[in-house]
Amino acid sequence: MTAAKSTTSTAPGTKTEGVLEKLQLTPGHATIVGLQWGDEGKGKVVDMLAAEFDYVARYNGGANAGHTVVVGDQTYKLHLIPSGMLYGDKMNVLGNGVVIDPAQLVKEILGLRERNITVDKSTLAISDRAHVVLPWHPFEDKLLEETSASPIGTTGRGIGPCYADKALRLNAIRMGDLVSETKMRDAITRVVAFKNTTLGALAKAHGKPFTPFDADAIIKTTQEHMAILGPMVADTASMLHKATDAKQTILFEGANATMLDVDHGTYPYVTSSNASALGIGAGSGVPPQCIGRIIGVVKAYCTRVGGGPMPTELFDSTGDAIRERGREYGTTTGRPRRVGWLDLVAVRYAAMISGATELCITLLDVLAGEDVPFLNYFDTPKITQDNMGEFTKPVF
């Protein structure tokens, strides 16, 4: 699932003076979280508010999320690195709840460096407890999607299988394991042997081709990646607590969105992490009582990618027109997004789950000239055993 929007940004390093005062936000830690199915334009809000904070921290998801930030005539596409990186004077944190694809992260770092953006241990910290996406994860992701009777519609980036390994524990690898040459070699060698056996058997059972993973080749590539990433690996939970004790402020950047939360979203058509504000504590190590404000971002209409329910979905020329005006194509996959009218039932639920203290509504301009309905409630009949679980009539 993606979570991105093309946005207009302030220039790197330019502060938007008094943004918090203008928005009547109190000083302290804050969170930007989507209240729909992602792609609400969170990057725009993070970029605007980041000027007022010392740290910008991600707490969930992986390279299945994306922010496209436009600065003047420059476009930056970020999948893992927090949007605060464009300022140059912020510490950006990838918390323990994020799953790190080293190849993608290195690609982003080198791309930013080529554009004179400083990315090193002074501006980016990667949790040593963050789990690592390695080549077998995307293969497993795509294999499961291709062979499932009810595919989820994932990005195929290996995020779900990486989180699954995290929960299974036996074959999980964390960033801290890759800092040590010996641990890296032992872990990759062990897991490759296991994955070649299990994934090879699964592929064979479904008549799919399978080329065994080469442990030595993966170790070599990982060594190259860690030559760049290694100095940035740190105990980020302690870092964020020290910042809190020093009265420094943190802006938490949510990836994906509340309706894609693995526990509270439209399961099973969700992402594989806690994408609501409830994921902050587990994904960063910062307890919820430290968060003063939770800013819920809502698009003036709905979009989602992949499978799953979407009661207000448009299948006509109006939906096509909104998709084109809003440039509703995934940053990560390029897939056209499904489009529908604003679903206030979902927004109310998501605001409750994430504890939103205020709302930011984006992309109203896309609907200029439209007669805009919105879903307010469902006309629910008395629930009996005969109609339980059926969709009821939406009331706009």
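**So, the overall build of the chain**
Item 1. Within the chain, the regular secondary structure consists of twelve helices and 18 strands.
Item 2. Taking all 396 residues of the chain together, the buried fraction comes to 53%.
Item 3. When the accessible area of the chain is evaluated, it comes to approximately 17,100 Å², of which 55% is carbon and sulfur surface.

**As for the packing of helix H7 (residues 181–205) against helix H8 (residues 215–229)**
Item 1. Two numbers describe how H7 lies on H8: the axes approach to 10 Å, and their chain directions differ by 145 degrees. Relative to H8, the crossing made by H7 is right-handed. Touching Glu 181, Met 184, Arg 185, Ile 188, Thr 189 and Val 192 of H7 are Ala 215, Asp 216, Ile 218, Ile 219, Thr 222, Gln 223 and Met 226, all from H8.
Item 2. Looking at the contact of H7 with H8 residue by residue, the class counts come to seven nonpolar, three polar and three charged.

**Topic: the pattern of salt bridges**
Item 1. Counted by the stated rule, this structure contains 13 salt bridges.
Item 2. Across the pair Asp 320 and Arg 323 runs a salt bridge whose closest N-O atoms are separated by 2.9 Å. Note that Asp 320 and Arg 323 are positioned in helix H11 (residues 317–325) at a spacing of three residues, about one turn of the helix.
Item 3. The salt bridge partner of Glu 328 is Arg 337, with a shortest N-O separation of 2.7 Å.
Item 4. Through salt bridges with shared partners, one network takes in Asp 39, Lys 299, Glu 328 and Arg 337.

**Focus: the confidence of the model for the chain**
Fine structural detail should not be taken from predicted coordinates in areas where pLDDT scores are low.
Item 1. Within the chain, residue pLDDT values average 89, and 89% of them lie at 70 or more.
Item 2. Between residues 1–15, whose pLDDT stays under 50, and residues either more than four places distant or in other chains, the model counts 77 contacts.

**Observations concerning the pairing of strand E8 (residues 124–127)**
Item 1. Side chains Leu 124 and Ile 126 of E8 all project onto a buried face; the interleaved residues Ala 125 and Ser 127 project onto the opposite face, where all are buried too.
Item 2. Bridge count for strand E6 (residues 91–94) against E8 is three bridges, and the pairing is parallel. What sits directly across from Val 93, in E8, is Ala 125.
Item 3. Here E8 runs beside strand E10 (residues 233–234); their pairing, made up of two bridges, is parallel. Bridging across to E10, Ile 126 finds its partner in Val 233.

**Digging into the packing of helix H4 (residues 136–147) against H7**
Item 1. It is at 11 Å that the axes of H4 and H7 come closest, and there the two elements cross at 15 degrees. Accordingly, the angle class assigned to the pair H4 and H7 is roughly parallel. When you trace H4 past H7, the crossing you get is left-handed. Contacts between H4 and H7 involve Trp 136, Phe 139, Glu 140, Leu 143 and Leu 144 from the former and Val 191, Val 192, Lys 195, Leu 199, Leu 202 and Ala 203 from the latter.
Item 2. Considering only residue class, the contact of H4 with H7 consists of nine nonpolar, no polar and two charged.

**Considering unusual backbone geometry**
Item 1. Between Tyr 267 and Pro 268 the backbone carries a cis peptide bond, its omega angle lying at 5 degrees.
Item 2. Within the chain, Asn 116 stands out as a residue other than glycine whose phi angle is a positive 65 degrees.
Item 3. Positionally, Asn 116 belongs in the loop between helix H3 (102–114) and E8.
Item 4. Phi at Arg 327 takes a positive value of approximately 50 degrees, unusual for a residue other than glycine.
Item 5. Accessibility expressed as a relative area gives 51% for Arg 327, which makes it exposed.

**Digging into the sheet that holds strand E12 (residues 291–299)**
Strand pairing in a sheet is mediated by backbone hydrogen bonds. Such pairs are either parallel or antiparallel.
Item 1. Ordered in space as E10-E8-E6-E3-E11-E2-E12-E15, the eight strands form an open sheet in which the pairing is parallel. Single-partner strands in this sheet number two, and they are E10 and strand E15 (358–362).
Item 2. Pairing geometry for strand E3 (residues 55–58) and E6, over four bridges, is parallel. Across the sheet, Val 56 pairs through a bridge with Asn 92, a residue of E6.
Item 3. Strands strand E2 (29–34), E3, strand E11 (250–253), E12 and E15 of the sheet are contacted by helix H2 (residues 42–49), whose axis makes an angle of about 165 degrees with E2.

**Re the nonpolar core**
Item 1. Ranked by internal contacts, the top residues of the largest apolar core, which has 41 residues, are Leu 105, Leu 112, Ile 126, Trp 136, Ile 173 and Met 175.
Item 2. Secondary structure elements with two or more residues in this core: strand E4 (67–71), strand E5 (74–78), H3, E8, helix H6 (175–179), H7 and H8.
Item 3. Counting residues per element, this core draws most heavily on H7, which supplies six residues.
Item 4. The residues contacting Met 175, other than those within four sequence positions of it, are Ile 100, Ile 126, Ser 127, Asp 128, Ala 130, Val 132, Met 226, Leu 229 and Val 233.

**Some remarks on the packing of aromatic side chains**
Item 1. The full count for this structure, using the stated rule, is four aromatic pairs.
Item 2. With a centroid separation of 6.3 Å and an interplanar angle of 80 degrees, the aromatic rings of Trp 136 and Phe 213 are classed as edge-to-face. A residue pair is termed long-range when its members are at least 10 positions apart, and Trp 136 in helix H4 and Phe 213 in the loop between H7 and H8 qualify at 77 residues.
Item 3. Taking the relative accessible area as the measure of exposure, Phe 213 reaches 16% and is therefore buried.
Item 4. With centroids separated by 5.4 Å and ring planes inclined at 65 degrees, the aromatic side chains of Phe 139 and Phe 210 adopt a geometry described as edge-to-face. With Phe 139 in helix H4 and Phe 210 in the loop between H7 and H8, the pair connects residues that are 71 residues apart, well separated along the chain.
Item 5. Ring pairs connect the aromatic residues Trp 136, Phe 139, Phe 210 and Phe 213, which therefore count as one cluster.
Item 6. Here the guanidinium or amino end of Lys 90 rests over the ring plane of Tyr 87, the centre of that ring lying 5.8 Å away.
Item 7. One cation-aromatic arrangement involves Arg 115 over Tyr 76; the distance from NZ or CZ to the ring centre is 4.1 Å.

Calculation criteria
- Residues numbered from 1 in each chain as written.
- Predicted model: local features only at pLDDT ≥ 70, side-chain atom pairs only at ≥ 80, totals over all residues.
- Heavy atoms only, no water.
- Helix = DSSP H or I, 4+ residues; strand = E, 2+ residues; numbered from the N terminus.
- Buried < 20%, exposed > 50% of the residue type's maximum accessible area, 1.4 Å probe, protein only.
- Areas by Shrake-Rupley, 256 points an atom, 1.4 Å probe, with all protein chains shown as cover.
- Axes fitted to C-alpha atoms, helices over the stretch in contact; angles between N-to-C directions.
- Left-handed = near helix turned anticlockwise from the far one by under 90°.
- Contact = heavy atoms within 4.5 Å.
- Nonpolar A, V, L, I, M, F, W, Y, C, P; charged D, E, K, R; others polar.
- Salt bridge = Lys/Arg side-chain N within 4 Å of Asp/Glu carboxyl O.
- pLDDT = per-residue confidence, 0-100.
- Pairing = 2+ DSSP bridges.
- Parallel < 35°, antiparallel > 145°, perpendicular 65-115°, else oblique.
- Core = buried A, V, L, I, M, F, W, Y, C linked by side-chain atoms within 4.5 Å.
- Phe/Tyr/Trp six-rings, centres within 6.5 Å; stacked < 30°, edge-to-face > 60°.
- Lys NZ or Arg CZ within 6 Å of the ring centre and 35° of its normal.

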